Amino acid sequence: MNFADRIRAELKRAALSIGAPSNIDPLVERPRDPMHADWASNIAMVLARPLKRKPAEIATAIRDAISLADAGVDRIEIAGPGFLNFRLDPAAVANTVRDIVAANENFGRGSEGEHCPVVVEFVSANPTGPLHVGHGRQAALGDAISSLLEWTGWHVSREYYYNDAGVQIDNLELSVRAHIDAGDGEAVIPEGGYHGEYIREIASRYDASTLETVRNFAVRALRAEQDLDLQAFGVQFDTYYLESSLYIDGKVRETVERLIANDQTYEKDGALWLRTTDYGDDKDRVMRKSDGTYTYFVPDVAYHVTKWQRGFTRAINVQGADHHGTTTRVRAGLRALHMGIPEGYPEYALHQMVTIVKQGDEVKISKRAGSYVTVRDLIDWVGRDAVRFFFLMRKGDSPLIFDVDLALSQSEENPVYYVQMAHARMSGIFRVGELDAAKMDISAVDLSVLTEPEEQDLIKQLIDFPAEVDGAAKALEPHRITAYALDTARLAHAWYHKHHVLGEPAPVMSARLALARATQIVIRNTLGLLGISAPERM
RNA sequence: GCGCGCGUAGCUCAGCUGGAUAGAGCGUCGGCCUCCGGAGCCGAAGGUCGUGGGUUCGAAUCCCGCCGCGCGCACCA
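Residues numbered from 1 in each chain as written. Chains lettered and ligands numbered in written order. Predicted model: local features only at pLDDT ≥ 70, side-chain atom pairs only at ≥ 80, totals over all residues. Heavy atoms only, no water.

(A) The pattern of salt bridges, seen in detail. Applying the stated rule across the entire model yields 37 salt bridges. Put simply, Arg30 and Asp464 hold a salt bridge, and the shortest N to O gap is 2.7 Å. Of this pair, Arg30 sits in the loop between strand S1 (28–29) and strand S2 (39–41) while Asp464 is found in the loop between helix H18 (453–463) and helix H19 (465–475), placing the two residues 434 residues apart along the sequence. The exposure class assigned to Asp464 is buried, which follows from its relative accessible area of 11%. In this structure, Asp143 and Arg158 form a salt bridge, with 2.7 Å as the shortest nitrogen-oxygen distance. (Salt bridge = Lys/Arg side-chain N within 4 Å of Asp/Glu carboxyl O. Helix = DSSP H or I, 4+ residues; strand = E, 2+ residues; numbered from the N terminus. Buried < 20%, exposed > 50% of the residue type's maximum accessible area, 1.4 Å probe, protein only.)

So, in structure tokens, the structure goes:
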């Protein structure tokens, strides 16, 4: 049990003993300013009203009723308007190093999700070109969110949805065909077509004698292309779902029929409309255009029905914020089906744009794709680890400026380098000491000698990891983990600079080796969770 | 115009579900240092949290108005 839980349990017991209501759930949190305390609770202020007593008085009574040993606490102070401030017992803190080392690669994992199935859909780019940097941000986010959910006990399926059936595919076909028809001459790309160099390349590879249609060939080529992009980024999907299959399997037709049967639709101006305004949309939406084809959102709804029917009671869609307008209508369509799909299904994790900056200037073009920078360009420039870390450094809500020069820097200004360096340093201690970190037995080591401020601060940070993972998973916010990684690295560097491990008297050296091991484990787990490597040396 | 998101230190950004004197990195300034692993370490300055109200013991955080920026508002995806 961690310190917060131990303190919370003791607080509750103490509060009940002085007559607090039985439903009390004490809030125990880390104060913003660590000078105040390791942990603090506002319970006395909360109880002031129901107990009709002054907060300070209640705080004193609770303090006197708490068992310090059970809470793992050294002392309790009362401060400000009635905060209870808990200072952890240094020996109890130090002893948690043993738990971290024992848990090893499982340290940080939780069981909150209870193996419930959840599908995380991300990237889902149309097979019409190489992945751009926005897709890259999405790939990093989606993969990290998936990992966060796995770490907290969910059964995650990573899914990619290919829009391989709409007009954009018609345009792809026409674009490739234009190059084929033009031969070596100048191709005339039709309105709405694609202009990148890759189109010419696909056209040049097309062999009519195979009898494969241009359309299929082009889609196949681009899916292969995107697979390479994803591979370069180290992202793996469990399922690729094809929009075209929804038509083939009759899912689109079934969805439409059910919506009509449910009396959720009407005909107007030669089109079929869905009453999405009944479900919070600001206008009704066309399902079937007057030319008889469906708008994209019908297969989209049909697709989400399959998620539900495949047993995913929870679905998360990672999307660019430029698509946020679609969220309401997809949810509206799902509810109009009356299948018991809840209002907030699917959940959305939206993210803002990515801007690539090199030497102070925005980079907007690439040779291969023409008007945009591809993920692979970026990975080729700065490496997979840096791309992942940088994409996860900001919360999705804020636009992201990607500084290529910083990502390339081999110094501690570069955050990825800084974190990886901390891991490498811990590993370096074992290497120089000619010790096998993985085989170290610390069961008999007296950890209570880890009393230096830098040691206590570092250990407290390490203990926090599971709660950080839990919080980030609940909020679907991986950027909290990159922030945690930087904080941890900072404390690890500070400890490393101030104190030596090798060459110290045996009891100190043993305890510090254990701490170095625990630090190595936590940084490695943190980076692993984010899909970033933890090098032994740099 | 309507909807969503964002305005926090010179710059880039954190601030978890309302808590104490609002933080970090970079940059600036002032000192040290060469150590298991490298241009590293310590300290300082720097803020009306866009703005005006409201909610309450307490607001960067929640609610409303206004200003600014981004995105979206198709019988495109």
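Once the structure has been displayed, the description carries forward.
(B) Region of the structure containing empty space enclosed by the protein. This structure, assessed with the given rule, holds 2 cavities of 30 Å³ or more. Of the voids in this model, the largest cavity is the one considered here, and its volume is about 40 Å³. Grouping the amino acids of the lining of the largest cavity by side-chain chemistry returns 4 nonpolar, no polar and 3 charged. Looking at which domains feed residues into the lining of the largest cavity, each of domain 1 (3–88) and domain 3 (411–529) gives three or more. Computed from the structure, the second largest cavity encloses a volume of approximately 40 Å³. Every residue lining the second largest cavity is listed: Val123, Leu131, His135, Gly136, Ala139, Asp229, Leu230, Phe233 and Val375. Those elements that provide at least two residues to the lining of the second largest cavity are helix H6 (133–151) and helix H9 (214–233). Split into classes, the residues belonging to the lining of the second largest cavity amount to 6 nonpolar, 2 polar and 1 charged. (1 Å grid on protein atoms, 1.4 Å probe; cavity = no way out; pocket = protein on both sides within 12 Å on 5 of 7 lines; lining within 4 Å. Points joined across faces, edges and corners; volume = space filled by probe spheres on them. Nonpolar A, V, L, I, M, F, W, Y, C, P; charged D, E, K, R; others polar. Domains from an automatic or database assignment.)

(C) Representation of the nonpolar core. Counting residues in each nonpolar core, the largest one holds 118 residues, and the members touching the most others are Ile62, Phe391 and Phe402. By residue number, the principal contributor to this core is helix H21 (residues 506–530), which donates 12 residues. Dropping the residues within four chain positions of it, Phe402 is found in contact with Thr355, Ile356, Val357, Leu378, Val382, Ala386, Val387, Phe390, Phe391 and Ala407. One finds Met287, Phe297, Ile341 and Tyr345 within the second-largest nonpolar core, a separate group that totals 27 residues. (Core = buried A, V, L, I, M, F, W, Y, C linked by side-chain atoms within 4.5 Å. Contact = heavy atoms within 4.5 Å.)

(D) Quick peek at the protein's contact with RNA strand B. Around RNA strand B, a shell composed of 50 residues is seen, among which Arg32, Arg49, Lys289, Arg431 and Tyr496 lie nearest. Protein-proximal atoms of RNA strand B, defined as those within 4 Å of the protein, fall in sugar or phosphate at a share of 58%. Between RNA strand B and Asn42, the relevant distance is 3.3 Å, taken from a base oxygen to a side-chain nitrogen or oxygen of the residue. In the environment of RNA strand B, a sugar or linking oxygen lies 3.1 Å from a nitrogen or oxygen atom belonging to the side chain of Lys283. Listing elements by their share of the surface near RNA strand B, those giving two or more residues are helix H2 (43–51), strand S4 (83–88), helix H7 (167–182), helix H17 (415–432) and helix H20 (479–498). Classifying every residue of the surface near RNA strand B by side-chain character gives 17 nonpolar, 18 polar and 15 charged. (Near = heavy atom within 4 Å. Polar contact = N/O pair within 3.5 Å; in protein donor to acceptor, adjacent residues only side chain to side chain.)

(E) Spatial organisation of the environment of Ala48. Secondary-structure assignment places Ala48 in helix H2. Residue class for Ala48 comes out buried when judged on its relative accessible area of 16%. Not counting residues within four places of it along the chain, the set of residues in contact with Ala48 comprises Arg53, Pro55 and Ile58.

(F) Seen up close, the side chain of Thr96. Position of Thr96 relative to the elements: it lies in helix H5 (residues 90–103). Thr96 gets classed as buried once you look at its relative accessible area, which sits at 11%. Here Thr96 is in contact with Phe3, Ile459 and Ile463, once residues within four sequence places are set aside.

Read these as layout, nothing more, since geometry by itself doesn't imply function.
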